[in-house]
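# Survey of secondary and tertiary structure
Given next are the chains, with one letter for each unit.
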Amino acid sequence: MTASTLAFSHQARHWGLLLSATLCSLTAWGQDAPQDGVYKDRIDWGVLMDMSGPTSASQGIWVHGFRDHMRKINEAGGINGRKINVLAEDNRFNPATDKIAFEKLVSQTPVIAISGMGTSVSQVALAPTIKAGKVPIVGTYTATKALSEPVSPMVYNGFCGYKQMAQAGVGYHVDKLKLKSAKVVTLAIETAGGKEYHDYVAEAVGKLGGSASHLTVKVTAVDMTPQILEIMKLKPDFITVYGVSNTAILTMKGLAQYGLNIPTFGITYLGAPQIFQSMGSAAAANYKFISCFTPGGADQTPGNKALSQYADTIGRGDMKQDINYVAGWISAQMAAEALTKLGKNPTRARLIETLSKGFTVNTQGLTAPITYTPTNNTGPVVFKLIGYDFAVNKFKAYGEFADYEKYAR
Amino acid sequence: MFEQVFFSGLALGSIYGLVALGFAVIFKATDVFNFAQGMFVVCGAYFAVTAISILQLPFPLAILFIIGAAALLGVLIHMVLIQPLSGRPMLSVIMLTIALSIALRAFIEIVFGPQGRSLATPMPTGVLMLGEVRISYLHLTAALVSWVCMAGFGLFFRFTSVGLLMRACADNHEAVVVSGVNVNTMNRLAWGIGSTLAAVGGVFLGQLQIASTELEGIGLLALPAVVIGGMQSIPGAIIGGLLVGIIEQMAATYISPKSSDIVIYVLLLLILMVRPWGLFGQRELGRV
């Protein structure tokens, strides 16, 4: 054997060893690689919401609620020995960003499931991908038809639905005001959602022998004079508002300015204390919002006490009354409930299989019990009306969830 | 009904006019098309939240705080960001104001949180009846304050020596420099005035609605107002603002809320095509 052959053989052995070592370490890395976002000591759970942009005021608070509930669970030791790591992606109210973030959570930094999906446009765009994919959406922030109909084992709604809001709000007012042929006005911002909500209101009031008129308003409106003058002509028995916080504030201030005492209820998203405070006590006297969630501090149910105490402890006392915070908290409860059922070896496939059989989330009074079945993933369906008590600066509920169950048809 | 809609449009237009005036002052003095003007409106609302709700200052002191803070913000922005870009292409400065707007929004959301804040001032909130016309005191106050500000700054630019110097700076930058006037001081003053006017508009918008970063969009309605009135014209900005307010309300009442955007922007396009220097602006002629 020549010196050069010897050197070659030595070099080959050296490279062979290096290759073997690399392969070994790659295999070891492969064995330690995250399986569907599940690690030895933690599980990654994704959140897709707008934490900046025009809808961040509500969706950002939802994310805080979600994170805080998971933080509480982690402080108590996690779920089945693993901590829950929330990977929240900011969609910036941009469907393109949403798509990129979704793909990232599916394959790049894999998560076991995703919650939120706050932008309806993105939901519609991603619906076929989600339904045909492997990552379930547990606790959606908004429930579009494209994503939630027909029922899919990949999607579980986590927010109050417009149809149910319309049914409960209309039903309650028709009963309370003892109306035979109710006249209702839907005051809504000029969006597809506003039209959809009005259609649900018209359907609900039509079934009860009444009629509904649709008035629109710009999202950026600063004054409601044209709409209020139209309301004066229509003389409705009650009004329902769909829009952003300004829509509700300007409506109630406008009604007060014209001395109109017309009961009004807003959709769930219009349930923040600052909305009532901005209206002022006089204008807010006729205003309530319809919600499937109870704001923090509004009652003494165990679920509400737990939320309120924890929010106060971690310095989020100012958010606990915001319905979006409660909604985020409850979606995290849904996620935790689902993970608990999986036991020691959670995977995406097992999560989908387990969820598809149906499950119930007991929020201990923060909502009525939320039940998902193989044929119904609507989520919260029982609502109640909530107003604001200016004497104590707290929300007050008009009755219990049980009183409104009859409207959940 | 017509009178009611007209008066509400006038009140609304007064606020737009105030913000537009601030925009025009900055543009006239420094040639900067300030896309951050809408965020100055938001800053005004949050200065009010800070002074009234957080610091709980007595209302007169709160007003001084808001004016002082807004003026300081405008001056600082000019000193730190605009002045160093002096002589650079207009596109760089425009990009800077867009970036500034995004940064201010993020900063406010970090400091005050993503939630809007309710803003309650001791300003009157009842309703004034003028025959069949109902006007809220808040709208009336907003309109009166806007008109006083507009008149005050109109007189300032026309009759005070500083106002005259500012106009001179805007009209002939080089001639003023040769005369020994400190142009940077004049420009800083213009930015201070522009941001203060927007902030006053923000205080009213914050109370009419809610103090939130979403007020930026409403503040930016001053843009069509100032283009319609004339970018270089102080009275034009005011009348442009009033026109936008009245058109918005009339279109929303007699056609549909969405149509108000169409009517306003069609008018803007027509003005740009027929009279690009605006209704009250002056045509610029250059020697070749």
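Rules and cut-offs
- All chains use their own residue numbering, which begins from 1 and follows the written sequence.
- Lettering for chains starts from A, numbering for ligands starts from 1, and both go in the order in which the items are written.
- At least 70 in pLDDT is required for a residue's local features to be given in this predicted model, at least 80 for side-chain atom pairs to be given and counted, and no such filter applies to totals for whole chains, interfaces and linings, which use all residues.
- At least two bridges found by DSSP between two strands is the condition for calling them paired.
- Helix and strand definitions here come from DSSP, where helices need a minimum of 4 consecutive H or I residues and strands a minimum of 2 consecutive E residues; each element is numbered from the N-terminal end.
- Interaxial angle, 0 to 180 degrees, is taken between N-to-C directions of lines fitted to C-alpha atoms, where a helix line uses only the stretch in contact.
- Remark: residues whose backbone-derived C-beta atoms lie within 7 Å of one another are considered to be in contact.
- In this scheme, roughly parallel covers angles under 35 degrees and roughly antiparallel covers those over 145, while 65 to 115 is roughly perpendicular and the rest are oblique.
- For a crossing to be left-handed, the near helix must be turned anticlockwise from the far one by less than a right angle; the clockwise case is right-handed.
- Here the term charged refers only to Asp, Glu, Lys and Arg, the term nonpolar to Ala, Val, Leu, Ile, Met, Phe, Trp, Tyr, Cys and Pro, and the term polar to all other amino acids, Gly among them.
- An expected span of 1.5 Å times one less than the residue number is assigned to each helix.
- Exposure is read from a count of other C-beta atoms within 10 Å of each residue's own; the residue is exposed at 12 or fewer, buried at 20 or more and partly exposed in between. C-beta atoms are placed from the backbone.
- Think of a nonpolar core as buried Ala, Val, Leu, Ile, Met, Phe, Trp, Tyr and Cys residues, each tied to the set through C-beta atoms within 7 Å.
- Each domain's extent was defined by an automatic or database domain assignment.
- What pLDDT conveys is the predictor's confidence in a given residue, as a value from 0 to 100.

### Observations concerning the sheet that holds strand β4 (residues 137–140) of chain A
Note on sheets: strands pair through backbone hydrogen bonds, and any given pair is parallel or antiparallel. Residues and elements named next belong to chain A. On the basis of which strands lie adjacent, the open sheet formed by five strands has the order β2-β1-β3-β4-β5 and parallel pairing. Looking at which strands have only one partner, the edges of the open sheet turn out to be β2 (83–90) and β5 (155–157). Strand-to-strand twist of the sheet, defined as the mean angle between neighbouring strand axes without regard to direction, takes the value 25°. Strand direction decides the pairing type here: strand β3 (residues 114–116) and β4, joined by two bridges, are parallel. Each residue of the ladder has a partner; that of isoleucine 114, found in β4, is isoleucine 137. Strands β1 (42–49), β2 and β3 of the sheet are contacted by helix α2 (residues 56–75), whose axis makes an angle of about 165° with β2.

### Quick look at the packing of helix α8 (residues 225–234) of chain A against helix α1 (residues 2–30) of chain B
Direction vectors running N to C along α8 of chain A and α1 of chain B enclose 155°, while the axes themselves pass 10 Å from each other. In terms of orientation, α8 of chain A and α1 of chain B fall into the roughly antiparallel class. The chirality of how α8 of chain A crosses α1 of chain B is right-handed. For the pair formed by α8 of chain A and α1 of chain B, the contact residues are Thr225, Pro226 and Leu229 of chain A on the first element and Gln4, Val5 and Ser8 of chain B on the second. Residues that form the contact of α8 of chain A with α1 of chain B fall into these classes: three nonpolar, three polar and no charged.

### A word on α1 of chain B
Residues and elements named next belong to chain B. The first and last C-alpha atoms of α1 sit 40 Å apart over 29 residues, in line with the 42 Å expected at 1.5 Å per residue. Burial analysis of α1 places 25 of its 29 residues in the buried class, the great majority of the element. The first or second residue beyond α1 is aspartate 31, which carries a positive phi of 65°.

### Some thoughts on the nonpolar core
Core analysis: the largest hydrophobic core is formed by 209 residues, its most contacted members being Leu21, Ala45 and Ala48 of chain B. The leading source of residues in this core is α1 of chain B, at 15 residues. Here this core spans two domains, and each of domain 1 (42–161 + 299–378) and domain 2 (162–291 + 385–407) of chain A adds at least three residues to it.

### Description of the domain arrangement of chain A
All names here are of chain A. Assigned domains of chain A: these are domain 1 (42–161 + 299–378) and domain 2 (162–291 + 385–407). Once you take the C-alpha centre of each, domain 1 and domain 2 turn out to be 28 Å apart. Taken together, the residues of the side of domain 1 that touches domain 2 break down into three nonpolar, four polar and two charged.

### Overview of the confidence of the model for chain B
The predicted model of chain B has a mean per-residue pLDDT of 87, with 98% of residues at 70 or higher. Of the two predicted TM-score estimates for the complex, the pTM is 0.79 and the ipTM is 0.77.

### Concerning the pairing of strand β13 (residues 384–389) of chain A
Residue and element names in this part refer to chain A. Of the strand pairs in this sheet, strand β10 (residues 287–291) and β13 are connected by three bridges, and their pairing is antiparallel. Looking at the pairing, isoleucine 290 lines up with leucine 385 of β13. As judged from the five bridges shared by β13 and strand β14 (residues 394–398), these two strands associate in the antiparallel manner. In the sheet register, leucine 385 faces β14, and the bridge partner there is tyrosine 398. The loop that links β13 with its antiparallel partner β14 comprises four residues; one of these, asparagine 393, has a positive phi angle of about 55°.

### Digging into the environment of glycine 209 of chain A
Residue and element names in this part refer to chain A. Looking at the element boundaries, glycine 209 is found in the loop between α7 (192–207) and β7 (211–217). Glycine 209 sits in the exposed class, given 11 other C-beta atoms within 10 Å. A C-alpha to C-alpha distance of 10.0 Å links glycine 209 and valine 174, two positions 35 residues apart in sequence. Residues contacting glycine 209, with those up to four places away along its chain left out, are Lys180 and Ser181.

### Thoughts on unusual backbone geometry
Residue and element names in this part refer to chain A. Of note, the bond from glutamate 149 into proline 150 is cis; its omega dihedral lies within 30 degrees of zero at -10°. With respect to the helices, strands and loops of the structure, proline 150 is situated in the loop between α5 (145–148) and β5. Of note, the phi angle at lysine 178 is positive, near 50°, even though the residue is not glycine. Structurally, lysine 178 can be placed in the loop between α6 (162–176) and β6 (183–189). Given 7 C-beta atoms within a 10 Å radius, lysine 178 is considered exposed.

### Side note on helix α5 (residues 137–159) of chain B
All names here are of chain B. An ideal rise of 1.5 Å per residue puts 33 Å on 23 residues; α5 measures up with 32 Å between its terminal C-alpha atoms. Looking only at α5, the buried set comprises Leu138, His139, Ala142, Ala143, Ser146, Cys149, Met150 and Phe153. Contact partners of the buried residues in α5: α1, β2 (133–136), α8 (183–208) and α11 (234–254).

### Some words on the interface of chain B and chain A
At the junction of the two partners, chain B supplies 29 residues and chain A supplies 27 residues. For the side of chain B that touches chain A, the secondary structure elements donating two or more residues are α1, β2, α8, α9 (215–219) and α11 of chain B. Here the side of chain B that touches chain A gets four residues from one element, more than from any other, and that element is α1 of chain B. In the side of chain B that touches chain A, the residues fall into eleven nonpolar, 13 polar and five charged.

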